[in-house]
Amino acid sequence: MLLAIAWRNLWRNKLRSSVIFISIAVGIIGAITSVGFMSGMVDQREDAAIANEVSNIQIHNPKFLLNDEAQYMVPGAAQKVSEIEQIPQVKGVSLRLKVTGMAASANAGAGITIRGVNVASELKVSDINQNVIEGTYLTQNARFPAVVGQKLAHKLDLGLGDKIIITLSDSSGTITSGAFQIEGIFKTANDQFDESNVFVKKSDLAKLIGYPNNVGNEIAIRLNSNMDTPMVVNKLDKMMVGDIHSDKIIIQSWDQIQPLLKSMVEMMDYFSYLFLIIIMAALAFAIINTMLMAVMERTREIGMLMALGMNKRKIFNLILLETIFLSIIGAFIGLGVSVLVVHHYAIYGFDLTNAASGLNSFGYSARIFFRVSNEFYFISLILVVIIAIISSISPALKALKLQPATAIRENI
Amino acid sequence: MSIIQAKNIYKVYNETHVPVHALNGVDLEIEKGEFTAIVGPSGSGKTTLLNIIGGLDLPTEGDIFIEGTNLKTLSSRQLIDFRLHNIGFVFQAYNLIPVLTALENTEFILELQGVSKKEREKRAMEILKTVDIADKRDHKPGQLSGGQQQRVAVARALVSQPKYIIADEPTANLDSKSTEELLTLMKKMNEKFQTTFVFATHDQRVMDKARRIITIEDGKAVKDETFER
Ligand SMILES: Nc1ncnc2c1ncn2[C@@H]1O[C@H](COP(=O)(O)OP(=O)(O)OP(=O)(O)O)[C@@H](O)[C@H]1O
Ligand SMILES: [Mg+2]
């Protein structure tokens, strides 16, 4: 009967209760949709970085990572590539020759990373070809073709068909340079990447700096699903355990290569909960206020209940239950609407075209697909219940302080 | 042994600020089955005395025994439990829980006592029939007249078969017809179940039905009369 009383008490002041339902609902919708939006942004950044920049897993010679010199090749690279290609979760493997150098046009210069790639295998690993906005991506028949980022092209004032002079050190450590012809210009969501990356054919680059065509200092592995990354890393660790122990190679997943990206994803999680807690804490005051009013209005009634022999624990439970009902109704409304909104934008995306030019420099693109985990919905609900319990304490104590004899005399 | 035994009761409100001496040495004994009215001018201490008898308040001085139990010796938790199991209450107004129906209000005490659902429904319905309000079982207090509400309150006070029922001006908000009906009902219940009633009143019609009238003035019992009726 306590449940019935608490539930029905809720509807005695419909307006006041509705204000709380709506406040809680709006708070939850605000929190969840913002979190959905922000997670969507982070996801997108992560997906784009994997697709265009880092792939899921990379293998290097540890010395290459330390010194960034092209000469530190992955030992037995060709053999490893064909082994890795056998792993079912792997979509593609690309053996690259990666060199840092300078790019120059007639007017300007810039520090760049130049990757010599085998076109057929690179297409399975990187989505850069899909981001080519002008020209084509390293066709087999062109002579010394290069694909450059749009930002770099702008910086060097170069266009399709123009020559780009690349200066780097060759296998013997001598500075050398070569001319490539710009055959394609790409644009990803990450301006920084576009500003400093050039792709050429591996055979061309190897010839320029004096290496055979079958070596490489970077093996990039792309998986069908990023969820398999830890599992495949594990597999590779076992497969190449000897090379790893003798420090000949190092296997890294995307989040080790770009730890900032990883910590962004993690921070997003912390931030989501912090955000939710702050909103809930604000709502707690509204809930406390409403329940205090309800208790004060019912002084006589509570006095009467005490007189009849309702003990303090039951009075406390009555107020606790009423507070929980009050909060949980708002929470369900809020969660229901949030699920619909998040679901909608998860499918159709949220168009940010107007803000996109600014976002691009941070590596985001213009359409954000919302994401909220089931866990987050669930924790929101739990948090509402916890907030309700905390909020009920002060009104309940107020009720418990009442003395039946005096409460009944009250003229309310 | 008397059901209620009040010995030299003093009650001072606001002891620290402006003390109000509401009761000044009241001695009182009430036997099982009595139908007793406490009367006196406004402010004489009727409500104060009833609250003390009903275990809602403790005397500043003196002792109150209910069938030998000194209420002063009970902890506040025990006192609540004592009221639940031994005393019925009918107040002047706002007796009922507004969100519960007449039947639910009547059952409520039994639920607090931990009586099973089936049993309490049976007993509540029986008593609602006895006080002649069973047809309004599913009405909430707001849908009942003042007289009907007081009937439900009496039913609720009776349903747990308490040792005695305290009623503070139960008819103060009623018209004369409802007053008459309620009194007839209370007296009938008093006779039928041997339930002890102690009520405070200003109302001459109520006094006319009482078998014992205790008059209080300035916190002292000044007259104690019994009548055959
Ligand atoms: N909580 C309280 N604090 C201070 N004084 C009180 C309190 N309750 C009652 N009094 C005072 O005690 C005295 C007795 O009050 P009580 O309510 O018992 O009188 P009563 O006989 O019931 O009056 P009425 O017929 O008007 O109901 C009054 O002077 C009253 O003002
Ligand atoms: Mg009074």
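Quick caveat: nothing in here was measured; it's all calculated off a predicted structure.

**Let's talk about the overall build of chain A**
Here is step 1 of the chain: Looking only at helices and strands, chain A features 17 helices and 12 strands.
Here is step 2 of the chain: Over its C-alpha atoms chain A spans a radius of gyration of 31 Å, topping by over 25% the 22 Å that the globule rule assigns to 412 residues.
Here is step 3 of the chain: Its C-alpha atoms put chain A at 100 × 50 × 30 Å along the principal axes.
Here is step 4 of the chain: The buried share among the 412 residues of chain A stands at 51%.
Here is step 5 of the chain: Put simply, chain A shows about 18,600 Å² of open surface, and 60% of that area lies on carbon and sulfur atoms.

**A closer look at the domain arrangement of chain A**
Here is step 1 of the chain: Along its sequence, chain A is organised into domain 1 (2-49 + 261-408) and domain 2 (62-248).
Here is step 2 of the chain: The C-alpha-based centres of domain 1 of chain A and domain 2 of chain A are spaced at 50 Å.

**A look at the interface of chain A and chain B**
Here is step 1 of the chain: Facing the 23 residues of chain A at the interface are 29 residues of chain B.
Here is step 2 of the chain: The contact between chain A and chain B buries some 2,200 Å² in all, and 67% of this surface belongs to carbon and sulfur atoms.
Here is step 3 of the chain: For the chain A face of the interface with chain B, the top three residues by lost area are Met1(A), Arg8(A) and Leu308(A), together amounting to 31%.
Here is step 4 of the chain: Summed over the shared surface of chain A and chain B, the result is 1 salt bridge.
Here is step 5 of the chain: For the salt bridge of Arg8(A) with Glu104(B), the shortest nitrogen-to-oxygen distance reads 2.7 Å.

**So, the nonpolar core**
Here is step 1 of the chain: Ile315(A), Ile4(B) and Ile64(B) are the most contacted members of the largest nonpolar core, which has 89 residues in total.
Here is step 2 of the chain: Aside from chain neighbours lying at most four places away, what touches Ile64(B) is Ile4(B), Gln5(B), Ala6(B), Ile9(B), Ile52(B), Ile53(B), Pro59(B), Thr69(B), Asn70(B) and Leu71(B).
Here is step 3 of the chain: By size, the runner-up hydrophobic cluster in this structure holds 38 residues, among which are Leu110(B), Ala155(B), Phe199(B) and Ala210(B).

**What to know about the packing of aromatic side chains**
Residue and element names in this part refer to chain A.
Here is step 1 of the chain: Counting across every chain of the model gives 16 aromatic pairs over all chains.
Here is step 2 of the chain: Plain terms: the ring middles of Phe-350 and Phe-370 are 5.7 Å apart, the flat faces sit at 45° to each other, and that makes the pair tilted. Taken together, the residues Phe-350 in strand β11 (residues 350-351) and Phe-370 in the loop between β12 (367-368) and α16 (374-401) connect sequence positions 20 residues apart.
Here is step 3 of the chain: The exposure class of Phe-350 is partly exposed, given its relative accessible area of 28%.

**What to know about the sheet that holds strand β4 (residues 61-66) of chain B**
Residues and elements named next belong to chain B.
Here is step 1 of the chain: Across the sheet, which stays open at both edges, the 4 strands sit in the order β2-β1-β4-β5 with antiparallel pairing between neighbours. With partners counted over all chains shown, the strands left at the sheet margins are β2 (20-30) and β5 (69-70), one partner each.
Here is step 2 of the chain: By the bridge criterion, 8 bridges tie strand β1 (residues 4-13) to β2 in an arrangement that is antiparallel. Note that in β2 the partner of Lys-11 across the bridge is Leu-23.
Here is step 3 of the chain: Strands in contact with helix α1 (residues 46-53) are β1, β2 and β4; relative to β2, the strand with the most contacts, it is inclined by about 55°.

**As for the environment of Ile114(A)**
All names here are of chain A.
Here is step 1 of the chain: Within the fold, Ile-114 resides in strand β3 (residues 109-117).
Here is step 2 of the chain: Judged by relative accessible area, Ile-114 falls into the buried class, the value being 0%.
Here is step 3 of the chain: Separated by 73 residues in sequence, Ile-114 and Met-41 have C-alpha atoms that sit 28 Å apart.
Here is step 4 of the chain: If sequence neighbours within four positions are ignored, Ile-114 has contacts with Leu-97, Lys-98, Val-99, Ile-166, Leu-168, Val-198, Val-200 and Leu-205.

**Structural notes on the pattern of salt bridges**
Here is step 1 of the chain: One pass over the structure, following the stated rule, counts 31 salt bridges over all chains.
Here is step 2 of the chain: For Arg12(A), the salt bridge identified is with Glu301(A), shortest N-O distance 2.8 Å. Of this pair, Arg12(A) sits in the loop between α1 (2-10) and α2 (14-54) while Glu301(A) sits in helix α13 (residues 299-308), and the two are 289 residues apart along the sequence.
Here is step 3 of the chain: Among the ionic pairs, Arg123(B) bridges to Glu119(B), the shortest N-O distance being 3.7 Å. A residue pair is termed a helical-turn pair when its members lie 3 or 4 positions apart in one helix, as Arg123(B) and Glu119(B) do in helix α4 (residues 117-130) at 4 residues.
Here is step 4 of the chain: Ionic contacts of the salt-bridge type, sharing partners, join the residues Arg96(A), Lys98(A), Arg115(A), Glu122(A) and Glu218(A) into one network.

**Section: the packing of α1(A) against helix α14 (residues 312-348) of chain A**
Residues and elements named next belong to chain A.
Here is step 1 of the chain: Running from N to C, α1 and α14 point in directions that differ by 50°, and their axes come no closer than 9 Å. One element, α1, and the other, α14, form an angle in the oblique class. Here α1 runs over α14; the crossing is right-handed. Residues Leu-2, Leu-3, Ile-5, Ala-6, Trp-7, Asn-9 and Leu-10 of α1 lie in contact with α14, whose contacting residues are Lys-314, Asn-317, Leu-318, Leu-321, Glu-322, Phe-325, Leu-326 and Ile-329.
Here is step 2 of the chain: Broken down by class, the residue content of the contact of α1 with α14 amounts to 11 nonpolar, 2 polar and 2 charged.

**Overview of the side chain of Arg96(A)**
Residue and element names in this part refer to chain A.
Here is step 1 of the chain: Looking at the secondary structure, you find Arg-96 in strand β2 (residues 90-104).
Here is step 2 of the chain: Within the structure, the side chain of Arg-96 is placed 2.7 Å from the side chain of Glu-218, a separation counted as a polar contact.
Here is step 3 of the chain: The contact partners of Arg-96, leaving out residues within four places of it in the chain, are Gln-58, Arg-115, Gly-116, Val-117, Glu-122, Val-125, Ser-126, Lys-202, Gly-216, Asn-217, Glu-218 and Ala-220.

**Some details on the pairing of strand β7 (residues 164-168) of chain B**
All names here are of chain B.
Here is step 1 of the chain: Within β7, 5 of the 5 residues are buried, which leaves it mostly tucked inside the rest of the structure.
Here is step 2 of the chain: Residues Tyr-164, Ile-166 and Asp-168 point to one face of β7 and Ile-165 and Ala-167 to the other, with burial holding for every one of them.
Here is step 3 of the chain: Where strand β6 (residues 87-90) lies against β7, 4 bridges are found, and the strand directions are parallel. From the neighbouring strand, Phe-89 faces β7, where its bridge partner is Ile-166.
Here is step 4 of the chain: Where β7 lies against strand β8 (residues 196-200), 5 bridges are found, and the strand directions are parallel. Residue Ile-165 lies in a different strand from β8, and its bridge partner there is Phe-197.
Here is step 5 of the chain: Taken together, β7, helix α6 (residues 176-193) and β8 constitute a β-α-β crossover, and its handedness is right-handed.

**Focus: the site of ligand 1**
Here is step 1 of the chain: Neighbouring residues of ligand 1: 16 residues in total, closest Arg409(A), Ser42(B), Lys46(B), Thr47(B) and Thr48(B).
Here is step 2 of the chain: Residue neighbours of ligand 1 fall on chains A and B, so the site bridges chains.
Here is step 3 of the chain: Residue Arg409(A) places a side-chain N or O atom 2.7 Å away from an oxygen atom belonging to ligand 1.
Here is step 4 of the chain: At a separation of 3.4 Å, an oxygen atom of ligand 1 approaches a polar side-chain atom of Glu169(B).
Here is step 5 of the chain: Relative to its free-state accessible area of 630 Å², ligand 1 is covered by the protein chains to the extent of 71%.
Here is step 6 of the chain: Among the secondary structure elements, those contributing two or more residues to the shell around ligand 1 are α17 (404-409) of chain A together with β2 and α1 of chain B.
Here is step 7 of the chain: Sort the elements by how many residues they give to the shell around ligand 1 and α1(B) lands first, with 3 residues.
Here is step 8 of the chain: Of the residues assigned to the shell around ligand 1, the class counts are 4 nonpolar, 9 polar and 3 charged.

Conventions we followed
- Residues numbered from 1 in each chain as written.
- Chains lettered and ligands numbered in written order.
- Predicted model: local features only at pLDDT ≥ 70, side-chain atom pairs only at ≥ 80, totals over all residues.
- Heavy atoms only, no water.
- Helix = DSSP H or I, 4+ residues; strand = E, 2+ residues; numbered from the N terminus.
- Rg over C-alpha atoms; globule rule 2.2 N^0.38 Å.
- Buried < 20%, exposed > 50% of the residue type's maximum accessible area, 1.4 Å probe, protein only.
- Areas by Shrake-Rupley, 256 points an atom, 1.4 Å probe, with all protein chains shown as cover.
- Domains from an automatic or database assignment.
- Contact = heavy atoms within 4.5 Å.
- Buried area = accessible area lost by both parts, 1.4 Å probe.
- Salt bridge = Lys/Arg side-chain N within 4 Å of Asp/Glu carboxyl O.
- Core = buried A, V, L, I, M, F, W, Y, C linked by side-chain atoms within 4.5 Å.
- Phe/Tyr/Trp six-rings, centres within 6.5 Å; stacked < 30°, edge-to-face > 60°.
- Pairing = 2+ DSSP bridges.
- Axes fitted to C-alpha atoms, helices over the stretch in contact; angles between N-to-C directions.
- Parallel < 35°, antiparallel > 145°, perpendicular 65-115°, else oblique.
- Left-handed = near helix turned anticlockwise from the far one by under 90°.
- Nonpolar A, V, L, I, M, F, W, Y, C, P; charged D, E, K, R; others polar.
- Polar contact = N/O pair within 3.5 Å; in protein donor to acceptor, adjacent residues only side chain to side chain.
- Right-handed = clockwise from strand over helix to strand, strands pointing away.
- Near = heavy atom within 4 Å.

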